[in-house]
Amino acid sequence: MRKAAPDSGQSRQALEQQVRTGQFAPLYLLEGPEKWLRERALRQIQTAAIDPALGDFNVSQISVAGGNLEEALRLARQYPLMATRRLVVVRDFESLSEEGPIEALKDYLRSPSETTILVFTTPGLDNRRTIASLLKKGCQVVSFPLLDDSQAVQWARGYVEEAGSRLDPAVAGLLIGRVGVELSRLVPELEKVLCYLGGSQEERSRTRPAITAEVLDLLVRDSREHSNFEVTDAILAGDRGRALRLHDRRELRPVRLWSD
């Protein structure tokens, strides 16, 4: 059964505290497959650290898939313009070679710029590679694993609560069963339902309209993609009904899931 990394909650809480206080680390590694939360964390860093009026001058996002990590590090060493900090975001570094760029990275990690927040962001790292080891040792690591079903239910209920509406646990479970746990798919469905309820957040907060199963039947189709791992989890947990439902939904080749 998939579990969150042991420190993922603590690492996100530490980052949220830094965003509130404006006390940022010089180096971050935002890693994990939950893209929506990862990108939200990046936006929070940028909003708190960089004056939006100067963002064009002090924010750089660069893909280094072509091997141009040195260019990203050069940008990180530049001084901010009319500000105290600049932000450099590095993407697509997972396929870099283990040669020249790694030495340049080692040099920067030994002495990072005091006026730059350098953020590496990735859906996942190959821990066998040197670059993964270097970044995990040299950066503040913030992990974003996929939520499990129960976590996604709680997250969806909190999201709806903040939007001024209500989502009961059973209805939230129905929603997660249809859409899945990836927030990049869940959030648009929640926004669609909230839009259907109507009103602004402030107006909804006064009446607290509920998202019902009938509303989900009307607006949300069953689009969840279940993996073989979920089938295996259900079998190991002894949940025969769930295992058979997942098995049918994925249209796997018939296999004998249970012995009589």
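All of the points below concern the structure found in this document. The shown structure was predicted, so the numbers you read here are calculated from the model rather than taken from an experiment. (Residues numbered from 1 in each chain as written. Predicted model: local features only at pLDDT ≥ 70, side-chain atom pairs only at ≥ 80, totals over all residues. Heavy atoms only, no water.)

A separate point is the pattern of salt bridges. Per the stated rule, a full pass over the model turns up nine salt bridges. The partner of Lys106 in a salt bridge is Glu103, with the nearest N and O atoms 3.4 Å apart. Highlighted residues: Lys106 and Glu103, both in helix α5 (residues 100-110), separated by three residues, approximately one helical turn. Exposure remark for Glu103: the relative accessible area of 43% places this residue in the partly exposed category. A salt bridge links Arg206 to Glu202; the shortest N-O distance between them is 3.7 Å. Here Arg206 and its partner Glu202 are both found in helix α10 (residues 201-207), four residues apart, which amounts to about one turn of the helix. For Glu202, a relative accessible area of 59% gives the class exposed. (Salt bridge = Lys/Arg side-chain N within 4 Å of Asp/Glu carboxyl O. Helix = DSSP H or I, 4+ residues; strand = E, 2+ residues; numbered from the N terminus. Buried < 20%, exposed > 50% of the residue type's maximum accessible area, 1.4 Å probe, protein only.)

The strand order β2-β3-β4-β1-β5 describes an open sheet built from five strands, whose pairing is parallel. Sheet topology places β2 (59-63) and β5 (140-143) at the edges, where each strand pairs with a single neighbour. Direction aside, the axes of adjacent strands within the sheet are offset by 20 degrees on average. In the packing of helix α1 (residues 8-21) onto the sheet, the strands contacted are β1 (27-31) and β5, and the crossing angle to β5 comes to about 115 degrees. (Pairing = 2+ DSSP bridges. Axes fitted to C-alpha atoms, helices over the stretch in contact; angles between N-to-C directions. Contact = heavy atoms within 4.5 Å.)

This paragraph deals with the nonpolar core. Formed by 44 residues in total, the largest nonpolar core has its most connected members in Tyr28, Leu30, Trp155 and Leu186. Apart from the residues lying within four places of it in its own chain, the contact partners of Tyr28 are Leu15, Gln18, Ile117, Leu118, Val119, Phe120, Cys139, Gln140 and Val142. Counting residues in each nonpolar core, the second largest holds 26 residues, with Val88, Tyr108, Leu125 and Cys139 among its members. (Core = buried A, V, L, I, M, F, W, Y, C linked by side-chain atoms within 4.5 Å.)

To continue, consider the side chain of Gln18. Note on placement: Gln18 falls in helix α1. Every residue in contact with Gln18, bar those within four places of it in the chain, is listed here: Gln23, Phe24, Tyr28 and Gln140.

A word on a nonpolar patch on the surface. A cluster of nonpolar side chains, Phe57, Leu81 and Met82, forms an exposed patch at the surface whose accessible area comes to about 330 Å². Looking at the element boundaries, Met82 is found in the loop between α4 (69-77) and β3 (86-91). (Patch = residues over 30% accessible without salt bridge, like charges linked within 9 Å, V, L, I, M, F, W, Y side chains within 5 Å. Areas by Shrake-Rupley, 256 points an atom, 1.4 Å probe, with all protein chains shown as cover.)

For the pair helix α7 (residues 149-162) and helix α8 (residues 169-179), the least separation of the axes is 9 Å and the interaxial angle reads 115 degrees. In this structure, α7 crosses over α8, and the sense of that crossing is right-handed. Where α7 abuts α8, its residues Asp149, Ala152, Val153 and Arg157 lie against Pro169, Ala172, Gly173 and Ile176. Taken together, the residues of the contact of α7 with α8 break down into five nonpolar, one polar and two charged. (Left-handed = near helix turned anticlockwise from the far one by under 90°. Nonpolar A, V, L, I, M, F, W, Y, C, P; charged D, E, K, R; others polar.)

Here we come to the packing of aromatic side chains. If you walk through the whole model with that rule in mind, you get three aromatic pairs. Ring geometry for Trp36 versus Trp155: centroids 5.4 Å apart, planes at 80 degrees, classification edge-to-face. Here Trp155 lies in helix α7 and Trp36 lies in helix α2 (residues 35-49), a separation of 119 residues in the sequence. We classify Trp155 as buried; its relative accessible area is 18%. (Phe/Tyr/Trp six-rings, centres within 6.5 Å; stacked < 30°, edge-to-face > 60°.)

Here we come to the side chain of Thr122. Structurally, the position occupied by Thr122 is in strand β4 (residues 116-122). For Thr122, a relative accessible area of 0% translates into the label buried. Here Glu94 takes part through its side chain, which lies 2.4 Å from a polar atom of the side chain of Thr122. The contact partners of Thr122, leaving out residues within four places of it in the chain, are Leu29, Leu30, Glu31, Gly32, Arg38, Phe93 and Glu94. (Polar contact = N/O pair within 3.5 Å; in protein donor to acceptor, adjacent residues only side chain to side chain.)

The next point concerns α8. Within the sequence span of α8, burial applies to Val171, Ala172, Leu175, Ile176, Arg178 and Val179. One side of α8 holds all its buried residues, which, seen down the axis, span an arc of 165 degrees. On its buried face, α8 is in contact with α7, α9 (183-197) and α11 (213-219). (Arc of directions from axis to C-beta.)

Our focus in this paragraph is the environment of Val153. Mapped onto the elements of the fold, Val153 is located in helix α7. When its relative accessible area of 12% is taken as the criterion, Val153 is described as buried. Beyond its immediate sequence surroundings of up to four residues, Val153 is in contact with Pro169, Ala172, Gly173 and Ile176.

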